[in-house]
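# Observations on the three-dimensional arrangement
Spelled out, the chains give:
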Amino acid sequence: MPFDEFVKWALYDGQTGYYSTARKRIGKQAECDFYTSSTLHPIWGELVVEACVTLLGQHNPADFVFVEIAAEPNDSVLNSITHPFGKHQIIRLGDPVKMPKQAIAYSNEWLDAQPFKRFRFSKESKGWKEIYVLKEKDQLVEIEQPIHPNDENSLPKKGKAGDIFDWPCGARHALRKMLASNSWSGVFLTFDYGLTREVLLRDRPQGTARAYHRQKMETNLLSRPSEQDLTCHLCWEDLEECLEEENFRSIGVKNQESFLLSHSSKRIRQAFEEKLGPHDPKMQALKEILHPAHLGHSLHALWGVRE
């Protein structure tokens, strides 16, 4: 099967998929696979709320439904947080994507968990080949197949034997489906891992796909199918173009630190005015969210507004 179909099966199969089965995936505990900003309650939710209100501008937050996309079971960014929105709706795995007419669509590391294609530059043909996954004697192995003509424009123009290119095709599909649902108006805001098209095409010859299992990054994407997370970096320009095609305006991409400092400054300032000690859990969480050495620069915010 093509690699993106393998990823879809490994992550979302209704019976065995990584995200479909009941397990503790996100957190700092040893049995979890990774952690992200949403792990850092409640300060993360408070920062997100202020950022969304800022993006709404002069609009009344009470007129909008806060729609949280792909939240983990029994979890929510708004848990135990007072917010100004009219309603709160959660779209979890398997739920129909039906947006209210006026909404704030929020997600954290949703798009980088979508299927992606893999390509390898072939030494024999001196060109790109698409990577497929084959079951051979109870082992999963990669094989190379000719690329589809539609994929040629997405690939680097040059390559060296063995170069890998990962293309997040599923992210655009998932985003367009959500944006087009019911022709809603409001704010879209997501936090995720991504790079510019130029960096993806020129500076990542080994690709960006990776797996996570028990707090460790794994390079063998075929090991432990359905038991480890699979992800690759997004292409920001591709998603910005998607927002533009769906008539969003005021579109932007910034690293998490920069975005929150400009859109959630009141809550950040309040945290420092509380004069919390450097080892206070809330201050520690804020540092992890903002500091460039932690999540501040590795994660980015992508947003847009549609009237």
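Before reading further, recall that the structure is shown in the block above.
Residues numbered from 1 in each chain as written. Predicted model: local features only at pLDDT ≥ 70, side-chain atom pairs only at ≥ 80, totals over all residues. Heavy atoms only, no water.

Our focus in this paragraph is the overall build of the protein. Helix and strand content of the protein: 8 helices and 15 strands. For 307 residues, the compact-globule estimate of 2.2 N^0.38 gives 19 Å, and the protein sits close to it at 20 Å. For the protein, with 307 residues in total, the buried portion stands at 50%. In the protein, 70% of the contacts between residues at least 6 apart in sequence involve partners at least 24 apart. With an accessible surface of roughly 15200 Å², the protein has 49% of that area assigned to carbon and sulfur atoms. Seen as two clouds, the 39 positive and the 43 negative side-chain charges of the protein have centres 1 Å apart. (Helix = DSSP H or I, 4+ residues; strand = E, 2+ residues; numbered from the N terminus. Rg over C-alpha atoms; globule rule 2.2 N^0.38 Å. Buried < 20%, exposed > 50% of the residue type's maximum accessible area, 1.4 Å probe, protein only. Contact = heavy atoms within 4.5 Å. Areas by Shrake-Rupley, 256 points an atom, 1.4 Å probe, with all protein chains shown as cover. Lys, Arg positive; Asp, Glu negative; His and termini not counted. Charge placed at Lys NZ, Arg CZ, Asp CG, Glu CD.)

This brings us to unusual backbone geometry. Positive phi, close to 55 degrees, is recorded for Lys-137, a residue that is not glycine. Checked against the element boundaries, Lys-137 lands in the loop between strand E5 (127-136) and strand E6 (139-146).

A few words now on the nonpolar core. Residues Phe-66, Leu-189, Phe-191, Phe-259 and Leu-260 are the most contacted members of the largest nonpolar core, which totals 36 residues. For this core, the secondary structure elements donating two or more residues are helix H2 (43-56), strand E3 (102-108), strand E8 (185-192), helix H6 (256-263), helix H7 (265-273), helix H8 (281-290) and strand E15 (300-306). A per-element tally of this core places H2 first, with 9 residues. Of all hydrophobic cores here, the second largest spans 23 residues; its members include Val-65, Met-99, Leu-234 and Leu-302. (Core = buried A, V, L, I, M, F, W, Y, C linked by side-chain atoms within 4.5 Å.)

For the rest of this paragraph, the subject is the environment of Gln-228. Along the chain, Gln-228 falls in the loop between strand E11 (216-218) and strand E12 (229-231). Residue Gln-228 is classed as buried on the basis of its relative accessible area, which comes to 1%. Separated by 58 residues in the primary sequence, Gln-228 and Gly-170 have C-alpha atoms spaced 18 Å apart. Side-chain polar atoms of Gln-228 contact the backbone oxygen of Asn-220, separated by 3.2 Å. (Polar contact = N/O pair within 3.5 Å; in protein donor to acceptor, adjacent residues only side chain to side chain.)

A few words on H7. Every buried residue of H7 is listed here: Arg-267, Ile-268 and Ala-271. Here the buried residues of H7 occupy an arc of 100 degrees about the axis, which is enough to place them on one side. Seen from the buried face of H7, the exposed residues on the opposite side, beyond 90 degrees, are Lys-266, Phe-272 and Glu-273. In this structure, the buried residues of H7 make contact with H2, H6 and H8. Positive phi appears at Lys-275, one or two residues downstream of H7, with a value of about 55 degrees. (Arc of directions from axis to C-beta.)

Right, let's talk about the sheet that holds E15 for a bit. Strand pairing in a sheet takes place through backbone hydrogen bonds and is either antiparallel or parallel in direction. Spatially, E2-E1-E3-E8-E15-E14 is the arrangement adopted by the 6 strands of the open sheet, whose pairing is mixed. Sheet topology places strand E2 (87-91) and strand E14 (249-255) at the edges, where each strand pairs with a single neighbour. In this sheet, neighbouring strand axes are inclined to one another by 15 degrees on average, regardless of whether the strands run parallel or antiparallel. Here H2 sits on the sheet and contacts strand E1 (65-69), E3, E8 and E15; the angle it forms with E8, its principal contact strand, is near 140 degrees. (Pairing = 2+ DSSP bridges. Axes fitted to C-alpha atoms, helices over the stretch in contact; angles between N-to-C directions.)

Summed over the entire model, instances satisfying the criterion amount to 16 aromatic pairs. Taking 6.0 Å as the distance between ring centres and 40 degrees as the angle between the ring planes, the aromatic pair formed by Phe-6 and Trp-9 counts as tilted. Here Phe-6 pairs with Trp-9, and both are found in helix H1 (residues 3-12), just 3 residues apart, close to one helical turn. Classification of Trp-9 as partly exposed rests on a relative accessible area of 35%. An angle of 20 degrees between the planes, with centres 5.6 Å apart, marks the rings of Tyr-12 and Tyr-19 as stacked. (Phe/Tyr/Trp six-rings, centres within 6.5 Å; stacked < 30°, edge-to-face > 60°.)

Here we take up the pairing of E8. Counting buried positions over the 8 residues of E8 gives 8, a clear majority of the element. Taken together, the 7 bridges between E3 and E8 define a ladder with parallel strand orientation. If you follow Ile-104 over to E8, its bridge partner there is Val-187. Where E8 meets E15, 7 bridges bridge the pair, whose relative direction is antiparallel. Its bridge partner lying in E15, Leu-189 is registered against Trp-303.

This part covers the packing of H2 against H6. Close contact between H2 and H6 brings their axes to 9 Å; oriented N to C, the two are set at 65 degrees. Note on packing geometry: the crossing formed by H2 with H6 is left-handed. Side by side, H2 and H6 meet where Trp-44, Leu-47, Glu-50, Ala-51, Thr-54 and Leu-55 of the first sit next to Gln-256, Phe-259, Leu-260 and His-263 of the second. Broken down by class, the residue content of the contact of H2 with H6 amounts to 6 nonpolar, 3 polar and 1 charged. (Left-handed = near helix turned anticlockwise from the far one by under 90°. Nonpolar A, V, L, I, M, F, W, Y, C, P; charged D, E, K, R; others polar.)

This next bit is on the pattern of salt bridges. Opposite charge on two side chains lets them pair, provided their charged atoms get close. Summed over the entire model, instances satisfying the criterion amount to 18 salt bridges. Measuring nitrogen to oxygen at the nearest pair gives 3.6 Å for the salt bridge that ties Glu-245 to Arg-176. Of this pair, Glu-245 sits in helix H5 (residues 236-245) while Arg-176 is found in helix H3 (residues 169-180), placing the two residues 69 residues apart along the sequence. You can call Arg-176 partly exposed: its relative accessible area is 36%. (Salt bridge = Lys/Arg side-chain N within 4 Å of Asp/Glu carboxyl O.)

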